[in-house]
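An overview of the molecular structure
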Amino acid sequence: MTQADYSFVTAPGALPLLGHTLRFLRDPLRFLRSLPAVGDLVTIRLGPFDALVVCAPELTRRVLLDDRTFDKGGFLFDRSREFLGNGLGTCPHKDHRRQRRMIQPAFHRGRLPGYAQEMRAQARAVTDAWQAGRTIDVLAETTTISLRTTAATIFSAAPAALRESLAADLVTLEEGVFRRMLLPPHTDAIPTPGKRRYDRAYTRSQQTINRIIADYRADGIDHGDLMSMLLAAQDDLAAPGAEGARLSDEEVRDQVMSFLFASTDTIGKALAWALHLLGRHPRIAERLHAEVDEVLTDGVATFEDLPRLEMTRNIVTETMRLYPPGWLLTRTTTVDTELGGRQIPAGTDVVLSPYQIHHRADLYTDPENFDPDRWAPERVKAIPRDAYLTFGTGARKCIGDAYAMTEATLVLATIAARWRLEHTSGRRRVRAAPYALALGPKELYMRTVARAGQGGTKPQDAAPAQATANRA
Ligand code: HEM
């Protein structure tokens with residue numbers, strides 16, 4: 001019997017001890033884009049971890065579809081489990097099917113019109129506070145919209161103060177978590193100020209969610225939100241009253257953390273990138289404005305408008321092709337296995353990158369070009385199956401994909417109805433922020449221009465308290 005070949009080509013430029021960590025942190029997107037030229041399967045070294053990056057699209061698909069062999073795990077998930085717990089997004093294969101069965105009804109399409117009301121209300125509330133001619137921190141604004149929307153659709157009945165406190169803690173956790181993922185667990189013991197902030201935010205967020213769960217259980221009312229759905233969820237394959245037939249408080253809390261993380265950061269960042277791209281492509285922005293002027297009745301997009309907001313939707317889809325919020329996914333092999341004709345030992349960290357796949361010239365014509373029309377019905381057929389991995393694929397595909405597309409489309413249309421955002425001079429080039437679970441723009445400041453005839457608050461009659469960082 002020949003001995004298994006476990007050797008893979010290693011990405012060039014590894015430093016002693018640090019491996020590729022500095023290259024990765026300095027410009028992770030460039031680093032990822034450089035790997036397909038090295039091979040279909042490439043080993044990288046990130047601090048203490050060796051990971052196998054899968055570059056070939058057909059191998060990426062195989063890994064995503066075989067979630068028993070390539071289970072959730074690897075550096076992203078192992079450390080995110082420490083604060084996300086064992087929710088749907090992080091749980092291993094053995095727990096997944098039961099959780100997915102129980103949670104799926106909360107994301108039924110029939111519930112979207114109700115969630116859509118919150119989406120447009122929050123979009124309107126935040127953008128109503130904008131002042132014409134001011135410079136805004138775009139990501140802060142879009143994150144506020146998505147955070148408030150998520151909080152309202154998950155627990156509409158929770159007091160505003162609790163929702164706000166949770167929102168602030170989430171921002172702290174998100175900032176801290178990516179760095180922690182790249183560091184060995186024993187460094188957690190070092191009490192840096194960032195670590196203390198992270199620990200406080202973690203403890204408080206758990207307490208806040210526990211309190212909301214207790215309040216919901218006590219009042220027993222169906223509030224028509226995700227929390228009510230989770231508390232009522234019943235596993236159809238288990239006898240009523242049997243162990244595991246309902247989600248425990250701890251399981252509900254983990255799901256809530258998963259939803260909060262999975263939705264807020266992703267949608268907020270996708271919207272920020274969309275506004276940046278529209279600022280750089282005025283002709284596409286004009287077509288967006290023409291569409292919303294024709295479709296929307298009073299400047300706010302409704303669920304019923306969605307089928308006619310085709311250009312808006314294509315802009316959202318194309319934005320997330322260029323900048324998929326879930327830019328990195330990781331898995332771990334549960335058994336010795338084979339991939340692309342190579343043997344892979346059990347316990348290997350496998351890295352997949354929707355970002356890398358979306359930028360391949362063999363899958364997309366002119367891949368660096370922002371071209372929303374590639375998603376028009378007559379052209380979309382040319383895009384190969386599973387070339388678009390913004391929401392993943394297979395059994396672990398995003399449960400909130402329709403929710404996310406609904407929110408991003410409605411919010412973008414509502415913004416475009418009244419505002420155009422332009423880059424401030426010399427700031428048209430925007431880089432991706434490293435150290436983040438979701439891919440977002442770094443320092444994206446744009447000026448608000450009220451669209452002719454659409455009103456927009458003038459500086460002198462603006463509301464005094466802005467939603468977020470509205471900078472003069
Ligand atoms: C633009 C927005 C979003 C993007 C880009 C996105 C992306 C993704 C991706 C790529 C995955 C698969 C991860 C993997 O295979 O490792 C995923 C899973 C998941 N997403 Fe989303 N997501 C978005 C919005 C949402 C929303 C709004 C929710 C819920 C409110 C949500 C909840 C989840 C959950 C629970 C999973 C795990 C599903 C499972 O393993 O069965 N996501 N998401």
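Note: the structure precedes this text.
The following refers to the structure shown. Keep in mind the model is a prediction, meaning the values are calculated, not measured.

Thoughts on the site of the ligand
- Lining the immediate surroundings of the ligand are 26 residues, of which His-96, Arg-100, Arg-331, Arg-396 and Cys-398 lie closest.
- Between the ligand and the protein, one listed contact pairs an oxygen atom with a side-chain N or O atom of His-96 at 2.6 Å.
- Arg-396 places a polar side-chain atom, nitrogen or oxygen, 2.8 Å from an oxygen atom of the ligand.
- The element contributing the most residues to the shell around the ligand is helix α11 (residues 249-280), with 4 residues.
- Broken down by class, the residue content of the shell around the ligand amounts to 14 nonpolar, 7 polar and 5 charged.

Things to note about the coordination of the iron atom of the ligand
- Exactly one donor from the protein chain reaches the iron atom of the ligand: Cys-398 (SG), at 2.3 Å.
- Of note, Cys-398 is situated in the loop between α15 (377-380) and α16 (401-418).

Some remarks on the packing of α11 against helix α13 (residues 310-322)
- Look at α11 against α13: their axes get within 9 Å of each other, and the N-to-C directions meet at 100°. Between α11 and α13, the angle falls in the class roughly perpendicular. Facing Ala-270, Trp-273, Ala-274, Leu-277 and Leu-278 of α11, the residues of α13 in contact are Ile-315, Thr-319, Met-320 and Leu-322.

Focus on the pairing of strand β10 (residues 419-423)
- Burial along β10 is one-sided: Trp-419, Leu-421 and His-423 are buried, and none of Arg-420 and Glu-422, which face the opposite way, are.
- For β10 and strand β11 (residues 445-450), the ladder comprises 5 bridges, and the chain directions are antiparallel. Across the sheet, residue Arg-420 finds its bridge partner in β11, namely Val-449.

Things to note about the environment of Met-446
- As for its placement among the helices and strands, Met-446 is situated in strand β11.
- C-alpha of Met-446 to C-alpha of Arg-100: the two residues are 346 residues apart in sequence and 40 Å apart in space.
- Ignoring any residue separated from it by four or fewer positions in sequence, one finds Met-446 in contact with Arg-134, Thr-135, Ile-136, Val-138, Leu-275, His-276, Gly-279, Leu-421, Glu-422 and His-423.

Considerations on unusual backbone geometry
- One non-glycine residue, Asp-366, lies in positive phi territory at about 50°.
- With respect to the helices and strands, Asp-366 occurs in the loop between α14 (354-358) and α15.
- One non-glycine residue with positive phi stands out, namely Glu-443, at about 50°.
- Position of Glu-443 among the secondary structure elements: in the loop between β10 and β11.

Re the pairing of strand β6 (residues 329-333)
- Counted residue by residue, β6 has 5 buried out of 5 residues, so it is predominantly covered.
- With burial as the criterion, each face of β6 is covered, one bearing Leu-329, Arg-331 and Thr-333 and the other bearing Thr-330 and Thr-332.
- One ladder, built from 3 bridges, connects strand β4 (residues 70-72) with β6; its direction is antiparallel. Within β6, the position partnered with Lys-72 by the bridge is Arg-331.

Each value, and the rule that gives it
- Residues numbered from 1 in each chain as written.
- Predicted model: local features only at pLDDT ≥ 70, side-chain atom pairs only at ≥ 80, totals over all residues.
- Heavy atoms only, no water.
- Near = heavy atom within 4 Å.
- Polar contact = N/O pair within 3.5 Å; in protein donor to acceptor, adjacent residues only side chain to side chain.
- Helix = DSSP H or I, 4+ residues; strand = E, 2+ residues; numbered from the N terminus.
- Nonpolar A, V, L, I, M, F, W, Y, C, P; charged D, E, K, R; others polar.
- Donors = N, O, S within 2.8 Å, 3.2 Å for Na, K, Ca; no water.
- Axes fitted to C-alpha atoms, helices over the stretch in contact; angles between N-to-C directions.
- Parallel < 35°, antiparallel > 145°, perpendicular 65-115°, else oblique.
- Contact = heavy atoms within 4.5 Å.
- Buried < 20%, exposed > 50% of the residue type's maximum accessible area, 1.4 Å probe, protein only.
- Pairing = 2+ DSSP bridges.

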